[in-house]
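Observations on chain architecture
Chain residues, written in single-letter form:
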Amino acid sequence: MFIDGSIREAACHAHARRKFYDIHVRTPSDTTKKALEYIGGLYAIEASIRGKPADERLRARQEQSRPLLDTYEAWLRAKLETLSTKSETAKAINYSLNQWAALILYCDDGTVEIDNNLAENALRCVSLGRKNFMFVGSDSGGERAAAMYSLIGCCKLNGIDPRAYLTHVLTYIADHPINRIDELLPWRVAGQIETPARHQDSGGYPTSHPSSG
């Protein structure tokens, strides 16, 4: 439970799926196969709305994902009654049911993802370089490093060269109103920055595209 209720927990379906997948690889069964099919259906819906505006994603989730999740939950609870409480499959089912409210939160908010894979991938460089950051110096230094990593991660997600972004911001931030600092966030200034991600090849086609998220 979060202290003041201002933060809601969104659980990761990729982690829930992993529980069933690991069992299925070792000892496949109709139960693990069916669970993976249900979760696969949820991800198929997400694939069809990836990059869409939050309101469209929310509508699709309410109309398609929520009914599928209701069916999936009922199936999980019914299946649990037929299994030994000590079985690995029962543990996998309980893992999902114990955090069910957090697993279905994404259906009530079009800005929330079905899993945290994007966040984990963005933080992978931090994990790989952990030894380099052990001596950051102080808590405040760590907070500044975290802020910089967040900005750089956002640049990459939006197809912006981080160095070009930082150069742009440092050029204008001194004269920018402090109460409008959000105007300098990566996705807000993407159109003002000429980066490698926006260059065109010799045929006139963009070499890559910024994220629409």
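Shown above is the structure to which this text applies.
Residues numbered from 1 in each chain as written. Predicted model: local features only at pLDDT ≥ 70, side-chain atom pairs only at ≥ 80, totals over all residues. Heavy atoms only, no water.

Topic: the packing of aromatic side chains
This structure, assessed with the given rule, holds four aromatic pairs. Aromatic pair Y38 and W75: ring centres 5.5 Å apart, planes at 50°, arrangement tilted. Linking Y38 in helix α2 (residues 30-49) with W75 in helix α3 (residues 54-80), this pair joins segments that are 37 residues apart in sequence. Both residues of the pair, Y38 and W75, belong to the buried class. Aromatic rings pair up to connect Y38, Y72, W75 and W100 into one cluster. Here the basic side chain of K19 rests over the ring of Y95, its NZ or CZ set 4.7 Å away from the ring centre. For the cation-ring pair, K34 lies above Y38, with the distance from its terminal atom to the ring centre recorded as 5.1 Å. (Phe/Tyr/Trp six-rings, centres within 6.5 Å; stacked < 30°, edge-to-face > 60°. Helix = DSSP H or I, 4+ residues; strand = E, 2+ residues; numbered from the N terminus. Buried < 20%, exposed > 50% of the residue type's maximum accessible area, 1.4 Å probe, protein only. Lys NZ or Arg CZ within 6 Å of the ring centre and 35° of its normal.)

Quick look at the environment of C107
With respect to the helices and strands, the residue C107 is situated in the loop between α5 (100-103) and α6 (117-128). The class of C107 is buried, set by a relative accessible area of 0%. A sequence separation of 50 residues divides C107 from R57, and the C-alpha atoms of the two residues are 8.6 Å apart. Those residues within four positions of C107 in sequence are excluded, and the remaining contacts are L58, R61, Q62, S65, R66 and L69. (Contact = heavy atoms within 4.5 Å.)

A word on the nonpolar core
Ranked by size, the top nonpolar core spans 24 residues in total, and within it F20, L69, Y72, W75, L76, W100 and Y106 carry the most contacts. Every element with two or more residues in this core is listed here: α1 (13-26), α2, α3, α4 (88-97) and α5. Top element by residues in this core is α2. It accounts for five residues. Listed in part, the nine residues of the second largest apolar core include C155, I160, A164 and A190. (Core = buried A, V, L, I, M, F, W, Y, C linked by side-chain atoms within 4.5 Å.)

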